[in-house]
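Examining the three-dimensional arrangement
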Amino acid sequence: MKSFIFKYKYEIISFLITFASVISIFFVSGLRFSNDDQFILYRYIENISEGKGFVYNEGEKILGSTTPLFTLLAALLTYISGFEAYTSVVLINIISISVSSIFFFKIIERYTNGKFALFSVIVFAFNMSKIVSEGMESSLFILAVLGFLYFLISKKNYTAAVFLALSILTRPDAGIIAMLA
């Protein structure tokens, strides 16, 4: 355990800094920027978690969600935990941003030193904190794209392809990234 902590100390610090700052800013800030798309997403999440299907209105088979992976993850968390859709979305966003910071750190560290990369993570964390309440799937998308970039740079192409596929399932416009890659 000691060797794991020593080996990954900067990654652990990156995660903890991001996790703490995101939670702090979320709870301290009175600013909540809800938009109509969030409420559409919440309705899909609630309907899926209640067994009504991937629909906005029960019985109508019309897809109105542009983020199937995020919607299904939030619905699964809502179903398992019994949380409201909003709480599930916030939890997924906090965890996604925190894990994203590890990939962000690893990418920056590859081209600089660990201390500069850690400073960059602090800037990343404070910048990404606003996504928790207003970003819907943005945090999961950032996680998938940073994972894709990290594994692509590391020449782990199969893992990079999995993260690229996850980014497309999170936001279909990530297909542009796939064409460029």
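Below: a short report on this structure. Owing to the predicted nature of the structure, the values given are computational and were not obtained by experimental measurement.

**Brief notes about the packing of helix α4 (residues 68–81) against helix α5 (residues 85–111)**
Look at α4 against α5: their axes get within 9 Å of each other, and the N-to-C directions meet at 115°. In this structure, α4 meets α5 at a crossing whose hand is right-handed. Note on element contacts: α5 touches α4 through Ala85, Ser88, Val89, Leu91, Ile92 and Asn93, opposite Phe70, Leu73, Ala74, Leu77, Thr78 and Ser81. For the contact of α4 with α5, the per-class residue count stands at eight nonpolar, four polar and no charged.

**Overview of unusual backbone geometry**
Phi is positive for lysine 155, which is not a glycine, with a value near 60°. As for its placement among the helices and strands, lysine 155 is situated in the loop between α8 (138–153) and α9 (157–170). Lysine 155 gets classed as exposed once you look at its relative accessible area, which sits at 70%.

**Observations regarding the packing of α5 against α8**
Axis separation between α5 and α8 bottoms out at 8 Å; the angle between their running directions is 25°. Judged by the inter-axis angle, α5 sits roughly parallel to α8. Here the hand of the crossing between α5 and α8 comes out left-handed. Listed contacts from α8 to Ile92, Asn93, Ser96, Ile97, Val99, Ser100, Phe103, Phe104, Lys106, Ile107, Arg110 and Tyr111 of α5 are Ser139, Leu140, Ile142, Leu143, Leu146, Gly147, Leu149, Tyr150, Phe151 and Ile153. Residues that form the contact of α5 with α8 fall into these classes: 15 nonpolar, five polar and two charged.

**Here we look at the environment of asparagine 57**
Checked against the element boundaries, asparagine 57 lands in the loop between α3 (36–49) and α4. If sequence neighbours within four positions are ignored, asparagine 57 has contacts with Arg43 and Asn47.

**Brief notes about the pattern of salt bridges**
It is possible for side chains of opposite charge to pair when their charged atoms get near one another. Counting across every chain of the model gives five salt bridges. For arginine 171, the salt bridge is made with glutamate 137, and the minimal N-O distance between the two is 3.1 Å. Of the two residues, arginine 171 sits in the loop between α9 and α10 (175–180) while glutamate 137 sits in the loop between α7 (131–134) and α8, which places them 34 residues apart along the sequence. Note on arginine 171: relative accessible area 25%, which makes it partly exposed. The class of glutamate 137 is buried, set by a relative accessible area of 7%. Three or more residues are tied together by salt bridges with common partners; here these are Glu11, Lys106 and Glu109.

**Considering the side chain of serine 100**
On the secondary structure map, serine 100 appears in helix α5. Once residues within four sequence positions are removed from consideration, serine 100 is found in contact with Phe124, Ser139, Ile142, Leu143 and Leu146.

**So, the packing of aromatic side chains**
Overall, the coordinates contain eleven aromatic pairs when judged by the stated rule. Ring centres 5.8 Å apart and planes at 10° place the aromatic pair phenylalanine 15 and phenylalanine 19 in the stacked group. Here phenylalanine 15 and its partner phenylalanine 19 are both found in helix α2 (residues 9–28), four residues apart, which amounts to about one turn of the helix. The exposure class of phenylalanine 15 is partly exposed, given its relative accessible area of 26%. With centroids separated by 5.8 Å and ring planes inclined at 40°, the aromatic side chains of phenylalanine 103 and tyrosine 150 adopt a geometry described as tilted. Separated by 47 residues along the polypeptide, phenylalanine 103 in helix α5 and tyrosine 150 in helix α8 bring together distant segments of the chain.

Here is what the cut-offs are and how they apply
- Residues numbered from 1 in each chain as written.
- Predicted model: local features only at pLDDT ≥ 70, side-chain atom pairs only at ≥ 80, totals over all residues.
- Heavy atoms only, no water.
- Axes fitted to C-alpha atoms, helices over the stretch in contact; angles between N-to-C directions.
- Helix = DSSP H or I, 4+ residues; strand = E, 2+ residues; numbered from the N terminus.
- Left-handed = near helix turned anticlockwise from the far one by under 90°.
- Contact = heavy atoms within 4.5 Å.
- Nonpolar A, V, L, I, M, F, W, Y, C, P; charged D, E, K, R; others polar.
- Buried < 20%, exposed > 50% of the residue type's maximum accessible area, 1.4 Å probe, protein only.
- Parallel < 35°, antiparallel > 145°, perpendicular 65-115°, else oblique.
- Salt bridge = Lys/Arg side-chain N within 4 Å of Asp/Glu carboxyl O.
- Phe/Tyr/Trp six-rings, centres within 6.5 Å; stacked < 30°, edge-to-face > 60°.

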